[in-house]
Amino acid sequence: KAAIIQSKIEKVFNQRIPIKEIFRLPAIRQLRDIIPDLKGSSYPEVRSVEKRRYYSPSSAQKRLFTLDEMEDTGISYNMSFIITIEGKLDINRFKNSLKTMFKRHESLRTYFDTDNGLVQKIGDFELEIYYENSNEADINHIVEKFIKPFNLKEGPLFKVKITGLSKEKNILLIDVHHIIFDAFSFNIFFKEVFLLYEGKDLKPLPCQYKEFALWQDELLKSDVIKSQEEFWMHKFSGEIPVLNLPT
């Protein structure tokens, strides 16, 4: 939470507050008083990227792809959601809301290639949403058949199914690989889906995930990170103490 506060203060005021100061000054009034005296942020800004055949992956994507290549992870990194929707549901409108989200967020259409080193690609996929009527007794079997390992080199890595149990009850199944989705994505995704379902217009996105990946790459090469690297290289430059931990 302290890191999130730090990030939001930097975004609004363009001032970077050390995390230790957030713990030292836990009241908003105290933080307000020191913000004018902070140094300006030296982080690069997220900037738009022209359309390309492929883009650099983020460090998290590199890690997850490497794990997938090294060992049979199966469905260990699948993020699967089973959501009960009660009340009358306009299936076609709900499907259209999901399809709009799929087009809106390039990360949902992302897959990976290794021909030019590891890169992420944005596919021109259409979201296929399967609908079937069933009963509660079959749900476990339906879920078991639905959740399968993904091939990260083939998209999409995001799939949806709706199961109708009655006129007033539907089950939404979503299966997505963690390499393109996380816990923060969940809240954003469902908030926007239901706004679309209600007929609301969404503001255009200021950037896509590929732009974040470029920003992160530039950040890791920046003087800010080099100074942190130098700090830790110096910190561990001498003899490392022996840890007398019983095994």
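As a reminder, the structure under discussion sits directly above these lines.
Residues numbered from 1 in each chain as written. Predicted model: local features only at pLDDT ≥ 70, side-chain atom pairs only at ≥ 80, totals over all residues. Heavy atoms only, no water.

Enquirer: How do you make sense of the sheet that holds strand S4 (residues 129–133) when you look at a structure like this?
Expert: The four strands lie next to each other as S1-S6-S5-S4, forming an open sheet whose pairing is mixed. Strands at the two margins of the open sheet, each flanked by one partner only, are strand S1 (78–86) and S4. With strand direction ignored, the average angle separating the axes of adjacent strands in the sheet is 15°. Two strands pair when backbone bridges link them, and S4 and strand S5 (residues 158–166) are joined in this way by five bridges, in the parallel orientation. Across the sheet, the residue bridging to tyrosine 130 is lysine 161, located in S5. The sheet strands contacting helix H6 (residues 139–146) are S1, S4, S5 and strand S6 (169–177), and the helix crosses S5 at an angle near 165°. (Pairing = 2+ DSSP bridges. Helix = DSSP H or I, 4+ residues; strand = E, 2+ residues; numbered from the N terminus. Axes fitted to C-alpha atoms, helices over the stretch in contact; angles between N-to-C directions. Contact = heavy atoms within 4.5 Å.)

Enquirer: What's the story with the pattern of salt bridges in this structure? I'm lost.
Expert: Pairing between side chains of opposite charge can happen when their charged atoms approach one another. Using the criterion set out here, one finds 13 salt bridges in the structure. Between glutamate 192 and arginine 104 there is a salt bridge, and its shortest N-O distance comes to 2.9 Å. Here glutamate 192 is found in helix H7 (residues 183–197), whereas its partner arginine 104 is found in helix H5 (residues 91–104), with 88 residues between them in sequence. With a relative accessible area of 11%, glutamate 192 lands in the buried category. Of the charged contacts, one joins lysine 200 and glutamate 198 as a salt bridge, the two residues approaching to 3.3 Å between their closest N and O atoms. (Salt bridge = Lys/Arg side-chain N within 4 Å of Asp/Glu carboxyl O. Buried < 20%, exposed > 50% of the residue type's maximum accessible area, 1.4 Å probe, protein only.)

Enquirer: What should I look at first to understand a nonpolar patch on the surface in this one?
Expert: A cluster of nonpolar residues, Phe231, Trp232, Phe236 and Ile240, forms a patch on the protein surface that exposes about 490 Å² of accessible area. Within the secondary structure, phenylalanine 231 sits in helix H9 (residues 223–235). (Patch = residues over 30% accessible without salt bridge, like charges linked within 9 Å, V, L, I, M, F, W, Y side chains within 5 Å. Areas by Shrake-Rupley, 256 points an atom, 1.4 Å probe, with all protein chains shown as cover.)

Enquirer: Please explain the layout of surface pockets as it appears in this structure.
Expert: Space left empty within the atom packing is revealed by a probe, the size of a water molecule, rolled over the atoms. The space that makes up the largest pocket amounts to roughly 2200 Å³. Among the secondary structure elements, those contributing two or more residues to the lining of the largest pocket are helix H1 (2–13), helix H4 (59–70), H7 and helix H8 (209–220). Sorting elements by how many residues they give to the lining of the largest pocket places H1 first, with seven residues. By residue class, the composition of the lining of the largest pocket is 22 nonpolar, 14 polar and nine charged. (1 Å grid on protein atoms, 1.4 Å probe; cavity = no way out; pocket = protein on both sides within 12 Å on 5 of 7 lines; lining within 4 Å. Points joined across faces, edges and corners; volume = space filled by probe spheres on them. Nonpolar A, V, L, I, M, F, W, Y, C, P; charged D, E, K, R; others polar.)

Enquirer: Before we go on, may I ask you to explain the nonpolar core in this structure?
Expert: Grouped burial of nonpolar side chains is what soluble globular proteins tend to show. Ranked by size, the top nonpolar core spans 32 residues in total, and within it Phe94, Leu98, Phe158, Leu172, Ile174 and Phe189 carry the most contacts. Where this core is concerned, the elements lending two or more residues are H4, S1, H5, S5, S6 and H7. Dropping the residues within four chain positions of it, phenylalanine 158 is found in contact with Phe102, Leu108, Leu127, Phe150, Ile174, Asp175, Val176, Ile180 and Phe189. Core analysis: the second largest hydrophobic core is formed by nine residues, Ala2, Leu31, Ile34 and Leu38 among them. (Core = buried A, V, L, I, M, F, W, Y, C linked by side-chain atoms within 4.5 Å.)

Enquirer: Any chance you could explain H4 here in plain terms?
Expert: It helps to recall that an α-helix has 3.6 residues per turn; residues three or four apart then point in one direction. With twelve residues, H4 extends 17 Å from end C-alpha to end C-alpha; this agrees with the ideal 16 Å at 1.5 Å per step. Contacts from the buried residues of H4 go to strand S2 (110–113), strand S3 (119–122) and H8. (Expected span 1.5 Å × (residues − 1).)

Enquirer: Whenever I open this one, the packing of aromatic side chains confuses me. Can you help?
Expert: In this description, a pair of aromatic rings is defined by centroid distance and the angle of the planes. Inspection of every chain in the model, using the stated rule, returns 17 aromatic pairs. Note on phenylalanine 94 and tyrosine 197: the rings are 6.0 Å apart at their centroids and 85° apart in plane angle, and the pair reads as edge-to-face. With phenylalanine 94 in helix H5 and tyrosine 197 in helix H7, the pair connects residues that are 103 residues apart, well separated along the chain. For phenylalanine 94, a relative accessible area of 0% gives the class buried. According to the relative accessible area criterion, tyrosine 197 is buried, its value standing at 15%. Site record: aromatic cluster; members linked through ring pairs are Phe81, Phe94, Phe102, Phe158, Phe181, Phe186, Phe189, Phe190, Phe194 and Tyr197. Positioned over the ring face of phenylalanine 146 is lysine 159, at 5.0 Å from the centre of the ring. (Phe/Tyr/Trp six-rings, centres within 6.5 Å; stacked < 30°, edge-to-face > 60°. Lys NZ or Arg CZ within 6 Å of the ring centre and 35° of its normal.)

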